[in-house]
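Each chain, written out:
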Amino acid sequence: MSTPIAFGRLDDSSRARAIALASCTLLQHTRLRDLLAQQSVDAAYDMIVSRSLPRPEAIFRSVKTPAGELLRQAAIELASIDLDEALERTMAIGDVVVIGEPHYPPTLLELEVPPAVLFHRGPLDALTNRTVTIVGTRRATALGRTIASDMALTVAAAGVSVVSGLAAGIDTAAHAGALEAGGTRPVAVVGTGLDVPYPRSSARVWAQVAADGLIMSQYPPGSQPLHWRFPERNRILAALGEICVVVESHVAGGSMITVRVADDLGRTICAVPGSVRSPASEGPNKLLVDGCTPVRDGDDVLTVLRLESMGQLPFDTRTRPDGLAADVLAQLGVQSHDLGSLVEAVECDPIALARTLGWLEAAGWITVDRGWFDLRARSR
Amino acid sequence: MLSAVSSAVLLGVRGWPVTVEVHVSSGLPSFTIVGLPDESCREARDRVRAAVLSSGLTWPQQRITVNLAPSNLRKVGSSLDLAIAVGVLEAVGALPDERREPMAWLAELGLDGTLRPIPGIVPMAAVLGDRALVVAPEDTGDAALVGTGAVRCARTLAEVVEALHGRAPWPDPPPGSVSTEVATPPDLAEVRGHAMGRLALEVAAAGMHHLLMVGPPGSGKTLMAQRLPGLLPPLDSRTSIEATMAHSAVGATRGLITVPPLRSPHHSCSTVALIGGGSAAMRPGEIALAHGGVLLLDEMAEFSPSALDALRQPLESGMIRIDRARSSAEYPARFLLVGTMNPCPCGDGDRPGSCRCTDATRERYARRVSGPILDRFDLRILVHRAEVEDLMDRPEGECSAVVAERVAAARTRAAERGVVANSLLTSRQIEHLAPLEPLARRMVRAELVAGRLSARGLHRVRRVARTIADLRGEGDRVSVDSLSLALQLRVDVLPRPGR
């Protein structure tokens, strides 16, 4: 398609029209992008509402319904949106940027279908940093979450913006780690409206990213989590990062969509190797077999970015353990354990182990969830 | 033309003495039973008549009225058959008048006059005092367990009549009517590996702490639970009698129960089957049958929630009271509850992330068992499938006898403090019978501050810590070691709030 019409920053009335266009269910993705590639926001809005769009079949390509009928429905829907209210609702949460505006994130233009209208909260200049996208499964292991979190902490401390999706599991862990570093704004791209935190388990991290970082969505406020919205979100994630790191993913996971898009865009793909027996590591292990770059931690990621570790990690105040406690930590570095399997692994008396575990948990070295012990990420 | 003989009926696990009054008068021949008999009891009419005729006696062609007193008590079952037959025969003068001792009659009659055993002979014999009991040969042993009077048996109604006339002595009880063989429970030595599982069984047995085992299928949860009765000391005399009564009431076993019973109802079990109260006889449920022993609920998440929640009250009070519109009954039900659960619905999962179940799926599955029930488990452990090496090469573990010895020693220490089992310590008792050493006190404080322990959880942990201290032979104070282990033996089944 043709390149978007370049125009300066939009005024409020045009923005309100852009929001209305993005809120129109019949004008999603390709249609909106095609429309704004040919027309200015105001002209596009007027043409739809007045049903005077030249060649509607060029925009409303559908095999089921005639283009004229779709235009008529879109006109009705668009006219029913109160422009002032829509603008007010968006500005109460954040801001909106339209394709063609000077501050529209340039990396997104590399996408086949860049989002035409992008809602965001927090300044877009977070994207002028070096960026790395960290993605992974929602069904992550505790170890995977720890790796993601520590990796994000290290790269964020080196001034790299961490981009992720605020989904459960790896995404949230990565954001939590990036927030811990402080200073560098994390970037989140979500698949719901900016006022619809999803999943609820990530609400705390969501609020922090919204406060200290940048959070973006191509869906207007109030958009509910629907399954088709997330793959679209994944494309944006892929485009925003200079490199894309997969921490844990099942073979058919959504993270693999992100990886495919990132690969198409020529981004470097990195994967964290995992146990060949762990279903959660199937995805990255397969990517490694296919020849992508292995990374173990944040320092490896920085090397891929040709950056040095800045050595600005917050000081670790925890007392360094020795003896049995050190043995326990070494075992937990390999995989999760419960009391029974630890007794076998470190070959000690259950009482001594119970005391050690109590101490390690109180000192912040390990976490326990439903009987399973794991190393605690530095960032939580 | 009037007679009154003694017998009893069963309601729940209690016997109730019943006087069978028979009145025979002239008039149109008839045979009526009054005094609130239920259907099964009313059927005695036909059995008694046939039995009397088959025994070579004549059935009076007169108007016969049988009254079962007290008439407000509902009579269920066939235990009154023999008493009605004897009452009729006595009323028509077919038996000698001068009877030397007060007697009571407890047997069902066959149409040929045979005396048949009845369920609940033990509790019924218990309420008949010093009367000489006449029972079926199979019931002789059980009737003698609790009664203080003599026990006579007869094979047929004809033998009873002969003996009453003094024409023949009462027949000797058949040999072996009191079963002396005790089934040995399976031995703990067969459990290989499972160090924590064995430890938890030992603590559970020593303090009667309810135990929940979470693990994938085939990890040995049931195998271990079945070995728990073997670790418990033999029942004391009172519990033994109570357990025997419950088992007798359902006709489950014969002889005195001295080994702690193990009951493992299937998860399709209904609330009534679990708690008791099924028929008009208020049949005791699985929890009453597990009295003094172990109630194993395999696959707890598959039980109906209402059945599980009905366990809450008996778990607290050690007895169950069942009230129905017509009657109510009370059974002792103090048992050690052992539950098993899968960590996730797919059944493959062990370590989180080792199967395809999401965290949310796992949590939803665990929530099938309500929080209050999960809270009743003082001990909650994870169990894993044994490694191949464990199955093949590992030597057998300690046998039940060795562990049972330690359990008995720990229970003796608890008994010296005047406590039956540490799980029954009240919160006031905990303060002075299970004081914490200073370091342990600090640890408890830290756990409470961090929100890892609730007030109720604290008491449960301290009870378990007391038991562990008893097993380890610690003194009055509970050490930080015992407390640490108690804390670790209490795995959260649900994610902690605020995660």
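We now turn to the structure provided with this report. Everything numeric in this text was worked out from a predicted model, so none of it was measured. (Residues numbered from 1 in each chain as written. Chains lettered and ligands numbered in written order. Predicted model: local features only at pLDDT ≥ 70, side-chain atom pairs only at ≥ 80, totals over all residues. Heavy atoms only, no water.)

Another aspect to go through is the overall build of chain A. Looking only at helices and strands, chain A features 15 helices and eleven strands. Its C-alpha atoms give chain A a radius of gyration of 23 Å, within 12% of the compact-globule value 21 Å for 380 residues. In chain A, 73% of the contacts between residues at least 6 apart in sequence involve partners at least 24 apart. Working note: accessible area of chain A is about 16000 Å², and carbon and sulfur atoms make up 51% of it. Where the 35 positive side-chain charges of chain A centre and where its 43 negative ones centre are 4 Å apart. (Helix = DSSP H or I, 4+ residues; strand = E, 2+ residues; numbered from the N terminus. Rg over C-alpha atoms; globule rule 2.2 N^0.38 Å. Contact = heavy atoms within 4.5 Å. Areas by Shrake-Rupley, 256 points an atom, 1.4 Å probe, with all protein chains shown as cover. Lys, Arg positive; Asp, Glu negative; His and termini not counted. Charge placed at Lys NZ, Arg CZ, Asp CG, Glu CD.)

Assignment of secondary structure puts Gln488 of chain B in helix α21 (residues 480–488). Since its relative accessible area comes to 13%, Gln488 of chain B is described here as buried. Leaving out residues up to four positions away in the same chain, Gln488 of chain B has contacts with Leu339, Ala354, Leu357, Gly358 and Phe373 of chain A. (Buried < 20%, exposed > 50% of the residue type's maximum accessible area, 1.4 Å probe, protein only.)

So, on to the sheet that holds strand β15 (residues 336–341) of chain B. All names here are of chain B. Taken in spatial order, the five strands of this open sheet run β11-β12-β15-β10-β16, and their pairing is parallel. Each edge of the open sheet carries a strand with a single partner, namely β11 (262–263) and β16 (379–382). In this structure, strand β12 (residues 294–297) lies alongside β15, joined through four bridges in parallel fashion. Considered in β15, the bridge of Leu297 is made with Gly339. (Pairing = 2+ DSSP bridges.)

Another aspect to go through is the packing of aromatic side chains. Taken as a whole, this structure holds three aromatic pairs over all chains when the rule is applied. An angle of 80° between the planes, with centres 6.0 Å apart, marks the rings of Tyr219 of chain A and Trp228 of chain A as edge-to-face. Residue Tyr219 of chain A is classed as buried on the basis of its relative accessible area of 1%. It is Arg229 of chain A that lies over the ring of Tyr219 of chain A; its NZ or CZ is 4.8 Å from the centre. Across from the ring centre of Trp16 of chain B, 4.1 Å away, lies the NZ or CZ of Arg14 of chain B, which sits over that ring. (Phe/Tyr/Trp six-rings, centres within 6.5 Å; stacked < 30°, edge-to-face > 60°. Lys NZ or Arg CZ within 6 Å of the ring centre and 35° of its normal.)

So, about the pairing of strand β3 (residues 130–135) of chain A. Residue and element names in this part refer to chain A. Across the six residues that make up β3, a large majority, five, are buried. As paired elements, β3 and strand β4 (residues 160–164) share four bridges and run parallel to each other. Bridge pairing in β4 links Thr133 to Val163. Once the chain exits β3 it traverses helix α6 (residues 142–157) before rejoining the sheet at β4, and the crossover so formed is right-handed. Where β3 and strand β7 (residues 243–246) come together, four bridges link them in parallel fashion. Each bridged residue has a counterpart across the sheet, and for Val132 the counterpart in β7 is Ile243. (Right-handed = clockwise from strand over helix to strand, strands pointing away.)

With that settled, consider a negative patch on the surface. Side chains of Asp82, Asp84, Glu85 and Glu88 of chain A sit close together on the surface and give a patch of like negative charge. Tracing the chain through its elements places Glu88 of chain A in helix α5 (residues 83–93). (Patch = residues over 30% accessible without salt bridge, like charges linked within 9 Å, V, L, I, M, F, W, Y side chains within 5 Å. Salt bridge = Lys/Arg side-chain N within 4 Å of Asp/Glu carboxyl O.)

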